[in-house]
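Chain and residue survey
The residues making up each chain are set out below.
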Amino acid sequence: MRILSGIQPSGILHLGNYFGAMKQFVDLQDANESFIFIANYHAMNTIKEPKVLRENTLEVAISYLSVGLDPKKVAIFRQSDIREVCELTWILGTLTPMGLLERAHSYKDKIAKGFSPDLGLFAYPVLMASDILIYQSDVVPVGKDQKQHVEIARDIAIKFNNTYGETFKLPNPKIEDSTAIIPGIDGQKMSKSYNNFISPFWSEGEIKKQVMRIVTDSTPVEEPKDPDKCNVYNIYKLLATKSEIDDIRAKYTNGGFGYGDAKKMLLAKILDYFAPIRKRYFELKNDLGTVEAVLKDGAERASLLANKTMESVRKNVGL
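These figures come from a predicted structure and were not determined experimentally.

Formed by 55 residues in total, the largest nonpolar core has its most connected members in Tyr64, Ile198, Tyr252, Leu266 and Ile270. If we ignore the near neighbours within four places in the chain, the residues touching tyrosine 252 are Pro224, Lys225, Pro227, Cys230, Val232, Tyr233, Phe257, Tyr259 and Ala262. Core analysis: the next-biggest nonpolar cluster, separate from the first, contains 40 residues, Leu100, Tyr107, Ile132 and Leu133 among them.

Written out as structure tokens, the structure reads:
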């Protein structure tokens with residue numbers, strides 16, 4: 001199958017990005033044809049500083065390579081290096097009903113949070129549809145909050161195919177139920193917007209500081225606790241083996257185990273789990289030439305597919 005997905009370059013990546021998206025990308029790369037991009041056009045809705053956008057874009061590329069994406073198996077590229085995606089966005093926009101976009105949950109949520117109601121924010125699902133359809137993608141690994149956008153891409157593809165003839169594959173979202181929502185240190189979804197995230201790429205001191213800030217209840221040390229209601233446990237179990245999860249559950253339910261102890265176990269687990277990833281990350285921070293070469297090669301591979309699709313699109317619409 002052909003896999004397509006991407007992450008916005010909003011800064012240093014966190015556990016939610018890793019377990020909600022990047023780990024899926026790595027797990028899928030051996031048995032599939034994967035195209036994984038950095039969504040820097042999308043990020044322009046929120047990032048208005050050119051230097052920050054460029055730096056954040058490289059940050060995502062470094063993170064992709066650090067977590068184990070193999071550029072020999074995966075085309076890793078910047079969204080903006082495939083200019084045809086903007087051409088396709090306009091063409092799809094001529095068919096996309098306003099009502100379809102007005103029903104997008106993400107747009108309404110962001111407006112409620114004070115985002116400016118710009119065209120870019122409103123038309124975000126059309127650009128995302130272009131990202132997906134231009135590579136004739138079969139499967140799109142996404143978080144639960146992006147499922148509707150993949151469904152919108154399907155709706156747009158169906159309308160285009162019905163209007164101009166069979167042109168696009170109909171993509172399907174892929175969501176890992178176990179990691180659909182990664183809890184932050186306050187129990188909400190982990191997000192930079194809430195400042196409740198933990199990044200494996202921070203210094204050890206910064207990781208420790210944030211782990212110790214995880215919100216817990218006031219149950220005394222000696223009393224049993226419900227691990228499923230604990231933010232520390234719900235993050236820990238993402239990193240642990242089954243036997244380690246069984247062991248810490250027993251500690252919670254038996255009593256005599258404090259939240260401070262749980263936080264120390266979580267800190268040790270984060271540092272152990274991400275040790276090789278952190279090592280690779282800091283190596284690549286000092287080897288940006290390698291990162292740029294990977295992005296150039298990925299863009300060339302992605303362009304071959306994008307150009308092939310656009311030849312069909314232009315012919316079918318009469319351009």
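After that view, the rundown keeps rolling.
With respect to the element layout, glutamine 146 can be found in the loop between β4 (139-141) and α9 (147-164). Overall, the relative accessible area of 17% leaves glutamine 146 in the buried class. Looking at glutamine 146, its side chain comes within polar contact range of the side chain of histidine 149, at 2.8 Å. Excluding residues within four positions of it along the chain, glutamine 146 makes contact with Tyr124 and Met128.

Most of strand β1 (residues 2-7) sits inside the fold, with 5 of its 6 residues counted as buried. Pairing analysis gives 6 bridges linking β1 to strand β2 (residues 33-38), with the strands arranged parallel. Among the inter-strand pairings, serine 5 is bridged to a residue of β2, identified as isoleucine 36. Following the backbone out of β1, through helix α1 (residues 15-28) and into the adjacent parallel β2, one traces a crossover that is right-handed.

Rules used in this analysis
Positions within a chain are numbered from 1, following the residues in the order the chain's sequence is written. Owing to the predicted nature of the model, reporting of local features is limited to residues with pLDDT of at least 70; listing and counting of side-chain atom pairs is limited to 80 or more, with chain, interface and lining totals taken over all residues. Side-chain metrics rest on all non-hydrogen atoms present in the structure, leaving aside hydrogens and water. Joining through side-chain atoms within 4.5 Å is the link that ties buried Ala, Val, Leu, Ile, Met, Phe, Trp, Tyr and Cys residues into a set, and such a set is a nonpolar core. In this scheme, a residue with accessible area under 20% of its type's maximum is buried, one over 50% is exposed, and one in between is partly exposed, where area comes from a 1.4 Å probe on protein chains only. We call two residues contacting when some pair of their heavy atoms lies within 4.5 Å. A helix here means a DSSP run of H or I that spans at least four residues, while a strand means a run of E at least two residues long, and both kinds are numbered starting from the N terminus. Polar contact criterion, stated in full: a pair of N or O atoms within 3.5 Å, where within protein one must be able to donate a hydrogen and the other to accept it, and residues adjacent in sequence count only if both atoms are side-chain atoms. When DSSP finds two or more bridges between a pair of strands, those strands are recorded as paired. Assignment of crossover handedness uses the view with strands pointing away from the viewer, where a clockwise path from the first strand over the helix to the second indicates a right-handed crossover.

Scope: geometric values only; no functional claims are made or implied.
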